[in-house]
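Single-letter residue listing:
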Amino acid sequence: MSRPQPRIGFITACAIVIANIIGTGVFTSLGFQLVDIHSGFALVLLWIVGGIVALCGALCYSELSAALPRSGGEYHFLSSIYHPALGFMAGFVSATVGFAAPIALAAMAFGKYFEGVSHFASPVALSFALVWINAVVHLSGLKVGSPFQNLSTLLKVLLIVALIVAGLLVDPKQPITFLPHSGDSAAIFSGSFAVALVFVMYSYSGWNAAAYITSEIERPERNVPRALLCGTLIVLVIYTALNAVFLATTPAPEMSGQVEVALIAGRHIFGTQGGTVVAGMICIGLVSAVSSMTWIGPRVMMAMGEDHRFLRFLGHKNSRGVPTAAMLLQLLIVNLLLLTRSFEMVVLYIQFSLLLCSLLTVIGVVVLRSTHPEMPRPYRVWGYPFPPLVFAGVTFWMMIYLLRSHPTESFSGLATMSAGLILYFFAGKQPSAAA
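All values reported here derive from a predicted model rather than from experimental measurement.

Here we take up the overall build of the protein chain. Tallying secondary structure elements over the protein chain gives 18 helices and zero strands in all. What you see for the protein chain is a C-alpha radius of gyration of 21 Å, in line with the 22 Å of a compact globule of 435 residues. Over its C-alpha atoms, taken along the principal directions, the protein chain stretches across nearly 65 × 50 × 40 Å. Within the protein chain, the proportion of its 435 residues that are buried is 57%. Considering only contacts within the protein chain whose residues lie at least 6 apart along the sequence, 81% involve residues at least 24 apart. For the protein chain, the accessible area works out to roughly 17,600 Å², and carbon and sulfur atoms hold 69% of it. The distance from the centre of the 22 positive side-chain charges to the centre of the 16 negative ones in the protein chain is 12 Å.

Turning next to the state of the cysteines. Under the defined criterion, the tally for this structure stands at zero disulfides. Its sulfur unpaired, cysteine 14 is 5.6 Å from the next cysteine sulfur, which belongs to cysteine 230. We note that cysteine 60 lacks a disulfide partner, and the nearest cysteine sulfur, in cysteine 56, lies 7.0 Å from it. Cysteine 60 sits in the buried class, given a relative accessible area of 0%.

Before going further, it helps to examine the layout of surface pockets. By rolling a water-sized probe across the atoms, one finds the places where empty space is left. The computed volume of the second largest pocket comes to approximately 240 Å³. Every element with two or more residues in the lining of the second largest pocket is listed here: helix 6 (100–118), helix 7 (123–139), helix 8 (142–169) and helix 14 (274–307). Each residue belonging to the lining of the second largest pocket can be placed in one class, and the counts come to 13 nonpolar, two polar and no charged.

On to the nonpolar core. By size, the foremost hydrophobic cluster in this structure holds 147 residues, and its most contacted members are Phe27, Tyr204, Tyr239 and Phe246. Looking at which element gives the most residues to this core, the answer is helix 3 (residues 40–67), with 16 residues. With near-sequence residues (within four places) excluded, tyrosine 239 lies in contact with Ile21, Ile22, Gly23, Val26, Trp47, Ser203 and Tyr204.

On to the pattern of salt bridges. Per the stated rule, a full pass over the model turns up five salt bridges. Put simply, arginine 369 and glutamate 63 hold a salt bridge, and the shortest N to O gap is 2.8 Å. Placement of the pair is arginine 369 in helix 16 (residues 343–371) and glutamate 63 in helix 3, with a sequence separation of 306 residues. In this pair, the class of arginine 369 matches that of glutamate 63, namely buried. For the salt bridge of glutamate 306 with arginine 70, the shortest nitrogen-to-oxygen distance reads 3.0 Å.

What follows covers the side chain of histidine 76. Take histidine 76: it is sitting in helix 4 (residues 74–81). Judged by its relative accessible area of 10%, histidine 76 is buried. A polar contact is formed between the side chain of histidine 76 and the backbone oxygen of leucine 68, at a distance of 3.0 Å. Ignoring anything within four residues of it in the chain, the contact list for histidine 76 reads Leu68, Arg70 and Ser71.

What follows deals with helix 3. Helix length check: helix 3 (28 residues) gives 41 Å between terminal C-alpha atoms against 40 Å at 1.5 Å per residue, within 8%. Counting buried positions along helix 3 yields 24 of 28 residues, so the element is predominantly enclosed.

This brings us to the environment of tryptophan 397. For tryptophan 397, the location among the structural elements is in helix 17 (residues 386–405). Setting aside chain neighbours within four positions, we find tryptophan 397 in contact with Ala194, Val195 and Val198.

About the criteria used
- Residues numbered from 1 in each chain as written.
- Predicted model: local features only at pLDDT ≥ 70, side-chain atom pairs only at ≥ 80, totals over all residues.
- Heavy atoms only, no water.
- Helix = DSSP H or I, 4+ residues; strand = E, 2+ residues; numbered from the N terminus.
- Rg over C-alpha atoms; globule rule 2.2 N^0.38 Å.
- Buried < 20%, exposed > 50% of the residue type's maximum accessible area, 1.4 Å probe, protein only.
- Contact = heavy atoms within 4.5 Å.
- Areas by Shrake-Rupley, 256 points an atom, 1.4 Å probe, with all protein chains shown as cover.
- Lys, Arg positive; Asp, Glu negative; His and termini not counted.
- Charge placed at Lys NZ, Arg CZ, Asp CG, Glu CD.
- Disulfide = S-S within 2.5 Å.
- 1 Å grid on protein atoms, 1.4 Å probe; cavity = no way out; pocket = protein on both sides within 12 Å on 5 of 7 lines; lining within 4 Å.
- Points joined across faces, edges and corners; volume = space filled by probe spheres on them.
- Nonpolar A, V, L, I, M, F, W, Y, C, P; charged D, E, K, R; others polar.
- Core = buried A, V, L, I, M, F, W, Y, C linked by side-chain atoms within 4.5 Å.
- Salt bridge = Lys/Arg side-chain N within 4 Å of Asp/Glu carboxyl O.
- Polar contact = N/O pair within 3.5 Å; in protein donor to acceptor, adjacent residues only side chain to side chain.
- Expected span 1.5 Å × (residues − 1).

Here's what the structure looks like:
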């Protein structure tokens with residue numbers, strides 16, 4: 001008899017969600033928002049609205065995770081709700097570049113920030129070191145990977161909270177108010193606000209992380225929804241407070257149009273060495289982000305390997321329950337991206353594909369209620385049908401924006417999805433014996 005595999009609880013699942021959301025986006029977006037938006041209320045509202053939309057998505061994924069409890073995320077959901085071909089298409093995107101490219105981007109950012117803190121080793125060498133260390137940790141199993149994820153995420157959150165508290169103690173504050181006043185409506189309903197919301201939503205991406213490892217979570221019908229909702233809500237509070245602190249402590253003209261907003265604000269909060277302090281904080285945050293994606297990405301490949309005979313090797317797990325082949329394949333793709341430096345373009349072109357997969361999944365809540373109303377649903381979406389409608393509306397608008405602003409990258413993403421469909425119909429239709 002096979003040994004029962006270790007499983008994780010609510011705390012670790014929540015840590016994965018938080019770690020997967022908080023990357024570099026929140027530390028860089030404000031500078032671009034300040035170019036066209038000058039109202040403190042409108043700027044803070046951006047992060048609140050983005051968080052509410054992410055919460056709507058988390059509510060929908062929570063119902064699906066409780067009703068269809070299995071690892072794999074969109075691959076599993078779309079296969080179960082619509083057709084295995086759609087699931088395979090989503091899984092193909094996730095397995096090839098959906099997680100590998102963001103890992104490479106985060107690792108490269110880590111190398112750049114760490115070089116600024118330590119002044120030794122090259123950014124590329126540091127990037128490879130981070131990726132390999134995380135791979136070794138998670139290849140060791142949940143008994144090692146789970147505490148590592150919890151500790152790195154806790155440290156990240158504590159450092160960000162410390163930055164927020166330090167910012168609140170800075171005096172004098174900038175002449176900015178976060179209360180609504182006349183003229184704010186023009187900013188809120190402007191095209192600049194809508195465009196800024198697209199990039200805010202990118203900063204919230206990752207709110208669905210726990211859905212990819214449902215099979216490894218204790219009492220998934222209860223803990224996956226709790227992790228998705230609590231993790232997303234915690235990040236909403238952190239993002240809103242952090243941007244309010246940046247605006248309250250740092251002159252807006254200094255941040256306007258700048259990428260390294262956190263480093264600029266750090267000098268106003270902590271003094272001349274503040275930039276180094278914040279850079280170190282971002283490095284620690286990126287460790288937990290890479291860790292979470294290293295953990296959950298191979299679980300999509302594993303689910304595909306369990307269902308399709310020609311990918312059976314990806315479904316193999318070692319004695320510690322780790323999908324070794326899937327994790328090594330993801331590690332190989334990440335290393336190739338780091339060597340070619342092509343991942344920044346890849347991240348841009350997969351956005352449209354990822355948005356489409358999320359949109360189909362959220363709409364799947366409505367579809368599944370219509371086609372299988374008798375299905376047990378341990379968790380049901382609060383305020384249904386408004387959360388799926390809100391998320392679908394905003395996501396559809398973002399996809400239209402991407403098609404207009406980045407048509408080449410968007411159609412390249414669609415081509416990748418088409419490649420997944422072609423692969424399914426030529427080789428993937430034959431199920432595995434274990435399916």
